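# Chains, contacts and geometry: an overview
Residue strings, one per chain:
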Amino acid sequence: MNILVNGQPLALEKIINVEALLEETGYGGKLVAVARNGEFIPKESYADITLKDNDKIEIVAPMQGG
Amino acid sequence: MRDDFIIGDMTLNSRLFLGTAGYPSPDILRQSIEAAQPGMLTVSLRRESAAGKGQAFWEIIKSFGIPVLPNTAGCQSVKEAVTTAQMAREIFETNRVKLEIIGDNYTLQPDPYGLLEATEDLIKLGFEIYPYMTDDLILAQRLVDLGCDILMPWGAPIGSGRGLNNPYALKLLKDRFPDKTLVVDAGIGAPSHAAAAMELGYDAILLNTAVAKSVDPPLMAAGFAEAIRAGRRGFLGGIIEAQESGKPSTPLIDRPFWHQEKAG
């Protein structure tokens, strides 16, 4: 299964949920928020949302802003 | 002089909202915040690297205990802005959002149509909207109709440092929406620009580049804080009307040689 994470391709060997994706990619425990295919995913739903082929995932964190 | 600034459910002791982007270093950012003592700090969201750059930044901001105003900077569509606002609400744990949808990449002029649509969507989702907008009167009216209590017209394009391009339009907004909270957001370059906006009766100033890109950001931050206080006091004090001719400030009656006749 192939997905995009923050614009970068990522090949996954098995189907996983958002929670597992965050752990696998090193974001586990960090202050981040997630969108899938342009839709916000609340953190309460991470375990319930299973990724699909070609999903586009955005993982964002606090940053400087004006 | 007591002059509480109530905005939303907060009472702030500064009318300066300071942006946190573009400083030469995290330490200069920290010093600038200390010097400005701003009422709010604006923050943003960006793609996070697994290295966690954003986490270190957030630790600095959190240490001040100053309320934050997350923005949707860089969004070019309603969908992007609405999703970004939702992500910001979860991360920063606030319903406040500076709603910014860019309509033109050259001037960074906000898209008024997208702004209205996103405002409607986000108010339904329980957000408190700080709309980054042009100074158009009808746009302001539509935003108020949707439920906005805060209006944030631009002074000039973001980062341009041009000051108040259209003081007439800004004053008109103040005259027509005397009960709304009005903030000049963007385009400020010099402390005098901020003071001028405050003298018009604006409630606060949001700025970033004018401090971050100055030669000495902490000094400039302090200068802006003083200018905003001065402008506010100027507004509250009631500025005299300009006259066409000079009027002596020192009484002329009984001055020396008053009506003295020439010696014969």
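Report follows, based on the coordinates. (Residues numbered from 1 in each chain as written. Chains lettered and ligands numbered in written order. Predicted model: local features only at pLDDT ≥ 70, side-chain atom pairs only at ≥ 80, totals over all residues. Heavy atoms only, no water.)

Next up on the list: helix H1 (residues 26-36) of chain B. Residues and elements named next belong to chain B. Listed as buried for H1 are Leu29, Ser32, Ile33 and Ala36. With its buried residues spanning 100° around the axis, H1 presents them on a single face. For H1, the elements touching its buried residues are strand S3 (16-19), strand S4 (40-47), helix H2 (53-64), helix H8 (209-212) and helix H9 (217-237). Glutamine 37 occupies a position one or two residues after H1 and carries a positive phi of about 45°. (Buried < 20%, exposed > 50% of the residue type's maximum accessible area, 1.4 Å probe, protein only. Helix = DSSP H or I, 4+ residues; strand = E, 2+ residues; numbered from the N terminus. Arc of directions from axis to C-beta. Contact = heavy atoms within 4.5 Å.)

Bringing the environment of glutamate 93 of chain B into the picture now. Turning to its location among the elements, glutamate 93 of chain B is positioned in the loop between helix H3 (78-92) and strand S6 (96-99). Along the primary structure glutamate 93 of chain B and leucine 12 of chain B are separated by 81 residues, whereas in three dimensions their C-alpha atoms are 18 Å apart.

Attention now goes to the interface of chain A and chain B. Put simply, an interface is often sized by how much accessible area is lost when its parts join up. Of the residues lining the interface, 27 residues belong to chain A; the matching set on chain B comes to 28 residues. With both sides pooled, the region where chain A packs onto chain B buries about 2400 Å², and carbon together with sulfur makes up 59% of that total. Of all residues in chain A, Phe40, Met63 and Gly66 of chain A bury the most surface against chain B, accounting for 27% of the area lost on that side. Along the contact surface separating chain A from chain B lie 2 salt bridges. One salt bridge connects glutamate 39 of chain A with lysine 79 of chain B, and the closest N-O pair in it is separated by 2.2 Å. Linking chain A to chain B there are 12 residue pairs in polar contact (both at pLDDT 80 or more). When residues of the side of chain A that touches chain B are traced back to their parent elements, those giving at least two are strand S3 (33-36), strand S4 (39-41) and strand S5 (56-64) of chain A. The element that contributes the greatest number of residues to the side of chain A that touches chain B is S5 of chain A, accounting for 7 residues. (Buried area = accessible area lost by both parts, 1.4 Å probe. Salt bridge = Lys/Arg side-chain N within 4 Å of Asp/Glu carboxyl O. Polar contact = N/O pair within 3.5 Å; in protein donor to acceptor, adjacent residues only side chain to side chain.)

Another point: the packing of helix H4 (residues 112-124) of chain B against helix H5 (residues 137-146) of chain B. Residue and element names in this part refer to chain B. At a closest axis distance of 10 Å, the pairing of H4 and H5 adopts a crossing angle of 10°. Looking at the two axes, H4 sits roughly parallel to H5. From H4, Pro112, Leu115, Leu116, Thr119, Glu120 and Ile123 reach across to H5, where they touch Leu139, Arg142, Leu143 and Leu146. (Axes fitted to C-alpha atoms, helices over the stretch in contact; angles between N-to-C directions. Parallel < 35°, antiparallel > 145°, perpendicular 65-115°, else oblique.)

With that out of the way, let us pick up helix H6 (residues 167-176) of chain B. All names here are of chain B. For H6, the full list of buried residues reads Ala169, Leu170, Leu173 and Lys174. Here the buried residues of H6 occupy an arc of 145° about the axis, which is enough to place them on one side. Across from the buried face of H6, at angles greater than 90 degrees, the exposed residues are Tyr168 and Arg176. Buried residues along H6 sit against H5, strand S8 (150-153), strand S9 (181-185) and H9.

Our next topic: unusual backbone geometry. Where the residue is not glycine, phi is negative for most of them; where a peptide bond is considered, it is trans in most cases. Residue and element names in this part refer to chain B. The backbone of glutamine 37 sits at a positive phi, close to 45°, despite the residue not being glycine. Tracing the sequence through the fold places glutamine 37 in the loop between H1 and S4. At glutamate 93, a residue that is not glycine, the phi angle is positive and equals roughly 55°.

What follows covers the environment of valine 184 of chain B. Residues and elements named next belong to chain B. With respect to the helices and strands, the residue valine 184 is situated in strand S9. Overall, valine 184 belongs to the buried group, its relative accessible area being 0%. Sequence spacing of valine 184 and phenylalanine 224 is 40 residues, and the spatial spacing of their C-alpha atoms is 13 Å. If near-sequence neighbours (up to four positions away) are discounted, valine 184 is found in contact with Pro153, Gly155, Leu164, Leu170, Ala197, Tyr202, Ala204, Ile205 and Leu206.

Membership of the largest hydrophobic core comes to 62 residues, with the highest contact counts inside it found for Ile61 and Ile205 of chain B. Considering every element that reaches this core, the biggest residue donor is H3 of chain B, with 8 residues. Setting aside its immediate chain neighbours within four residues, isoleucine 205 of chain B contacts Arg15, Leu16, Phe17, Val183, Val184, Ile188, Ala194, Ala197, Met198 and Ile228 of chain B. Core analysis: the second largest hydrophobic core is formed by 17 residues, Leu12, Tyr27, Val32 and Ala61 of chain A among them. (Core = buried A, V, L, I, M, F, W, Y, C linked by side-chain atoms within 4.5 Å.)

Turning our eyes to something else, we now look at the pattern of salt bridges. Residues and elements named next belong to chain B. Evaluation of the coordinates by the stated rule reveals 11 salt bridges over all chains. Across the salt bridge formed by arginine 15 and aspartate 3, the nearest N and O atoms sit 3.3 Å from each other. Of this pair, arginine 15 sits in the loop between strand S2 (10-12) and S3 while aspartate 3 sits in the segment before strand S1 (5-7), and the two are 12 residues apart along the sequence. On the basis of relative accessibility, which here comes to 8%, the residue arginine 15 falls in the buried class. Aspartate 3 gets classed as partly exposed once you look at its relative accessible area, which sits at 24%. One salt bridge in this structure joins glutamate 100 and lysine 98, with 3.7 Å as the shortest N-O distance. The structure contains a network of salt bridges with shared partners spanning Asp3, Arg15 and Arg232.

Residue and element names in this part refer to chain B. For the coordinates displayed, the defined rule picks out 2 aromatic pairs over all chains. Ring centres 6.2 Å apart and planes at 20° place the aromatic pair phenylalanine 5 and phenylalanine 17 in the stacked group. Placement of phenylalanine 5 in strand S1 and of phenylalanine 17 in strand S3 is noted, with a sequence separation of 12 residues between them. Residues phenylalanine 5 and phenylalanine 17 agree in their burial class; the two are buried. Ring geometry for tryptophan 58 against phenylalanine 92: centres 5.0 Å apart, planes inclined by 75°, an arrangement best described as edge-to-face. Here phenylalanine 92 lies in helix H3 and tryptophan 58 lies in helix H2, a separation of 34 residues in the sequence. One Lys or Arg, lysine 98, reaches over the ring of tyrosine 132 and ends 5.5 Å from the middle of that ring. (Phe/Tyr/Trp six-rings, centres within 6.5 Å; stacked < 30°, edge-to-face > 60°. Lys NZ or Arg CZ within 6 Å of the ring centre and 35° of its normal.)

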